[in-house]
Each structure stands twice: as C-alpha cells, then as structure tokens.
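Observations on the three-dimensional arrangement
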Amino acid sequence: MAEIFRPELCIVGAGALGIALAQHARRLGAHVLLVDREVPEPGDGPQRAVRLAALAASASRAAAMRQADALGLASVEPKISMRTVQERARDLAAEHSVLDSHERLAALGIEVLTGTPRFVDGTTLAVGDAQVRPQAFVLAVGAEAMVPAIDGLDEAGYFTPDSILENARKLTHLLVIGGDPEALALAQVFARLGSAVTLVPQGPALAGFDAETSSILMRALAEDGVRVIDGAVVDAIQPRSQGIGVNVALPEGGASEALDVSHLLVCAGHLASLDGLGLDAARLRPLRGQPRQFAVGALGQTSNGRIRVVGAAAGIEQWQHALGHGRAVIEALVLGAPRRRPAFEPRLVQTEPALAQIGRWPTETKPLATGRAILRVGLSENGKALAEGQGRGLTKVLVNAKGQVVAASLVGPQAGELAGVLALAMDNGLPLSQLAALSVPHPSHLATLVGLGENHKARETVSPFMRRVGAARRWLRI
C-alpha cells in the first residue's frame, strides 16, 4: 500500500530557491515536505550568480591591469588561463553553495522525499510509491535556457548561460544572441578575458531601462571591446568546417550584415523546468501566449487553488526577486497574508559599471505629472568613485510632490547596493530629503544618496509665516 504524506506545505524542487523557501516556512512553524527530483534544478540562481561573479572578478582584474596607468601604475597585458579562471569560479561557488544535505534539512525539521514527482490529480502528487496530499503545493522548480528558432542554430551548436560556465578554452570570436542582463554581463566578461565579442540583442538592447543611464553602460561595454549591434536580429546561421557564418538583419530596414564567428552563446531568457510533472492532471493551465508561466495572481495563485508557483514558473528570473516573492507566497499560505508584499525590487545588470533600475522610469516623450521632478547626481561629484578611477556614472531619481521616490535609475560602481537602499526608502515612503541625514564615511559611494537628499532639501521653501515665526523667536532670545 502506498505511503501517504499529509504535510501543511509540499514544495517541489530542491534547488536553492526550494530549500530557502522550505527553511522560511519551517521558521514560521509549518510542517514542510520538500520534494527532491533527484537531479539538479537547472539554472540554480545563487550557484550561477556566484560563478558569474567570480568570473567577473577575474575579468575585472584583467581590465584593471590593462588600464593601470590611469592610477599611476604601469599597464600590462595579463596572461589568462581560462581553465584556471573557471576552476576558481567553480571552487568558490562550491564553497558558498546552499547547505542542502538531507541530514541538515531533517535536523531543521524539514521532511525530504526523493524521487520523480508526478501529479495524479489536482490534490495528489505521486513521488515513487508515495503519495503527497498537502494543504498546498508550491512549485519552486529551476529554469532551462530558452532557445530561439533560428535556422542553423542547432547544427552549429551553442553555449547557454549554464554551459558556458564550464568552458575552459579561450573563445576566438563569441557571438552573444540576446540582450538580457546575463547576456550583457557574460559579453563583458569574455571580452575582458581576451575574446572578440559581438552581441546581437534580438531587438532593442536594455529595453525598459532609462536611455541616459543605459547609454553610459553601452559606452563602457564598447571600450571593453564588446560590439553591440543594437536593434539587430540574428535570422540565419551557417555552420562551416572552419568557423560559423551568421546573418544579422540590421535595424535600418532591409539591410543585413554577415559575421564570421567561432562560438555562439544564447541568452534569450529561461523557461520553467516542468516536464514530466503531469500538469494536465493537476488542472494547471499556462497563461495565454506565455508557455510555462502559470501565475494568475500576485502571490503565485494558479488555475488550481491548491497550487502556487514561484520563480521561473511565475515569470520571475532574477534571484533576488524570486526569493522575495517566494517568501511572500509562503507567508500568505502559512500566516494568511504576507508580512510584506513584494513592491520595489531593483532590476540589476551585473556589469561593470553596474546598472540598476527601480520602478517604471518615465519616457522622454511624455511630460512629467504635476508635482513630480527628476533629481540627479553624477559620479564626477563622488570622491570615492574618483579615487578609484570610476568617476563615470549617474544616479537619477523621480520624486512626487511629497518628495517620495517613485522611480530610480543608477549606473556606476555599487549601483545594486545603492538601489537596495533606495528601494527600502521607497517601501517605507521616506521623503528623499531624509537621506541627507545619512551618516556615511568620507569618501563613500553612499554619499551619492546623501547628495540627492541635499539636492531635494535645497528645493524646499520656507513659507512667509514660518519666516516671521523664526524672526520672533530670534528676537525673544536677544
């Protein structure tokens, strides 16, 4: 007779996201069962992020060696061993991997069931010979690389963001197909590590980001040797005995360009890894026109009231967004409502300089609403950035009539960290002028936010009545 489990929550997917959410649910006091599908969840966010960060650090050091004369040192051309660089990145990620042994999870009170899961019906999940009938399911599966339909792509062969992290050879000329944040970061890394790199974003690059801050990043990429053919689309690939021929449709209309490259990297987004789960039996219907996305509500609700989705299955790719959203989903299931609804989450491009954006930045074609204003501080005013030789960058914020930050766009060193502080201020409705009171070291990157706060305070006016009150107080003290 099949063993039947009746936990409060069943989380499917024992990757970094599933483990983090299982631990969060357990801290809230829930009885949690975690289903380990016996294979690594593809696109493990933190693992890939740590490896990419390690590669980026090596690439950054190589770039610094080439540009050392800017800091009064002798510039040299680094000798790069891709095998050694990749081994360091792999070892570092392994050291900082999630503590995911079944024994440790069991010690935390999390039950782990290993096997191939498949829904039998809308309330039952079969895992081997066992059946799981919880109060609610949470699908926290990984994500597989999406591959665009391009003639000749399969025949030529290609890297994905996962597989290129295993490459130990120098790539002569890498073509990056796609323009998401990971595409830009990998393009810069491999250019700095000695490859010729061309990036075709399959449309506009950095769509949805502010044009002014984006242009600063695009100039930096060009200086690193990344050629970005903005607005272009790869429409055909011709494998050859030596190299790969690529036809690129240019945005001018009707024109095209032929490229000769050595390797291809596809960065066209990800799709949730849901094959074999029996979603039809679970009565789980995807969104129209969005394959493998199932969230019909802000907290992961789906067409089946017993099943919630997080991460890739909810259309969320960036790790920090998936984790924040997933915790809110768990809290809604365990506590009845999230402690904090996901609100202002920065979108990050982990290049150098980094690019971050919070909220919806207004288009240049529309006038600002009444009472709104844009304030900016350039890194040329920041002593820390200038001392590090990184004085090119910009922080822009959009404030409403109350002085609260509505949106922000940042490019420069520490842009992600600064965006996190701004997001916290936005979540709590703090006026920008309050940032002027931040006590920060000098020099400091955080001084940029202090400068923004001071700029906003300078816009404030004192009413004639308050001026008279002040004068009266001064007179009484005489």
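Conventions and cut-offs
Residue indices follow the written sequence of each chain, beginning from 1 at its first position. Selection of residues for local features in this predicted model requires a pLDDT of at least 70, selection of side-chain atom pairs for listing and counting requires 80 or more, and totals for whole chains, interfaces and linings are taken over all residues. Excluded from the side-chain calculation are hydrogens and water; included are all heavy atoms of the structure. What makes two strands pair is DSSP finding at least two bridges between them. Helix numbering and strand numbering both begin at the N terminus, where a helix is a DSSP run of H or I of at least 4 residues and a strand a DSSP run of E of at least 2. Working convention: axes come from line fits to C-alpha atoms, limited for helices to the stretch in contact. Angles between N-to-C directions cover 0 to 180 degrees. To qualify as a nonpolar core, a set must consist of buried Ala, Val, Leu, Ile, Met, Phe, Trp, Tyr and Cys residues joined through side-chain atoms within 4.5 Å. Relative accessibility decides the category of a residue: with a 1.4 Å probe and only protein chains considered, values under 20% of the type maximum give buried, values over 50% give exposed, and everything between is partly exposed. The definition of a right-handed crossover adopted here requires that, viewed with the strands pointing away, the path from the first strand over the helix to the second runs clockwise. Relative orientations are named as follows: roughly parallel for angles under 35 degrees, roughly antiparallel for angles over 145 degrees, roughly perpendicular for angles from 65 to 115 degrees, and oblique for any other angle. The handedness criterion is simple: a crossing whose near helix is rotated anticlockwise from the far helix by less than a right angle is left-handed, and one whose near helix is rotated clockwise is right-handed. Two residues form a contact once any of their heavy atoms are found within 4.5 Å. Here the term charged refers only to Asp, Glu, Lys and Arg, the term nonpolar to Ala, Val, Leu, Ile, Met, Phe, Trp, Tyr, Cys and Pro, and the term polar to all other amino acids, Gly among them.

**What to know about the sheet that holds strand S7 (residues 130–132)**
Strand-to-strand pairing in sheets goes through backbone hydrogen bonds, with the strands running parallel or antiparallel. Strand order in the open sheet formed by four strands is S1-S7-S6-S5, and the pairing between neighbours is mixed. Whereas interior strands pair on both sides, the edge strands pair on one side only; in this sheet they are strand S1 (4–5) and strand S5 (117–121). Summarising the sheet, strand S6 (residues 124–127) and S7 pair through three bridges and their orientation is antiparallel. The partner of Leu-125 across the bridge, within S7, is Val-132.

**Regarding the sheet that holds strand S2 (residues 9–12)**
The strand order across the open sheet built from five strands is S4-S3-S2-S8-S18, with neighbouring strands paired in parallel fashion. The open sheet is flanked by strand S4 (111–114) and strand S18 (307–309), the only strands paired with a single partner. Taking each pair of neighbouring strands and ignoring which way they run, the sheet shows an average axis angle of 25°. Pairing of strand S3 (residues 32–36) with S4, which is carried by four bridges, proceeds in the parallel orientation.

**Overview of the nonpolar core**
Ranked by size, the top nonpolar core spans 56 residues in total, and within it Ile-11, Leu-125 and Ile-330 carry the most contacts. No other element matches helix H8 (residues 319–335), which puts seven residues into this core.

**Some points on the pairing of strand S11 (residues 196–200)**
Among the five residues that make up S11, four are buried, leaving the element largely enclosed by the rest of the structure. Bridging between strand S10 (residues 173–177) and S11 involves five bridges; their strand directions are parallel. Bridge pairing in S11 links Leu-174 to Val-197. Here three bridges tie S11 to strand S12 (residues 226–228), and the two strands are oriented parallel to one another. Across the sheet, the residue bridging to Val-197 is Val-226, located in S12. Handedness of the S11-helix H7 (residues 211–223)-S12 crossover: right-handed.

**Some remarks on the packing of helix H2 (residues 45–66) against helix H3 (residues 82–95)**
To characterise two packed helices, one gives the angle between the axes of the helices and the distance between these axes. Running from N to C, H2 and H3 point in directions that differ by 140°, and their axes come no closer than 8 Å. With respect to each other, H2 and H3 are oriented oblique. The handedness of the crossing between H2 and H3 is right-handed. Contacts between H2 and H3 pair Gln-47, Val-50, Arg-51, Ala-54, Leu-55 and Ser-58 from the former with Val-85, Gln-86, Arg-88, Ala-89, Arg-90, Leu-92 and Ala-93 from the latter. Residues of the contact of H2 with H3, tallied by class, amount to seven nonpolar, three polar and three charged.

**Re unusual backbone geometry**
Residue Pro-353 is bonded to the preceding Glu-352 through a cis peptide linkage, with omega at 5°. Cis peptide bonds are those with omega within 30 degrees of zero, and the linkage from His-442 to Pro-443 qualifies with -5°. Within the secondary structure, Pro-443 sits in the loop between helix H10 (415–427) and helix H11 (447–459). The backbone of Arg-283 sits at a positive phi, close to 60°, despite the residue not being glycine. Residue position: Arg-283 is located in the loop between strand S17 (270–272) and S18. Unlike most non-glycine residues, Gln-414 shows phi in positive territory, near 65°. Tracing the backbone shows Gln-414 in the loop between strand S23 (405–412) and H10. Since its relative accessible area comes to 37%, Gln-414 is described here as partly exposed.

By themselves, these observations are geometric and do not establish any function.
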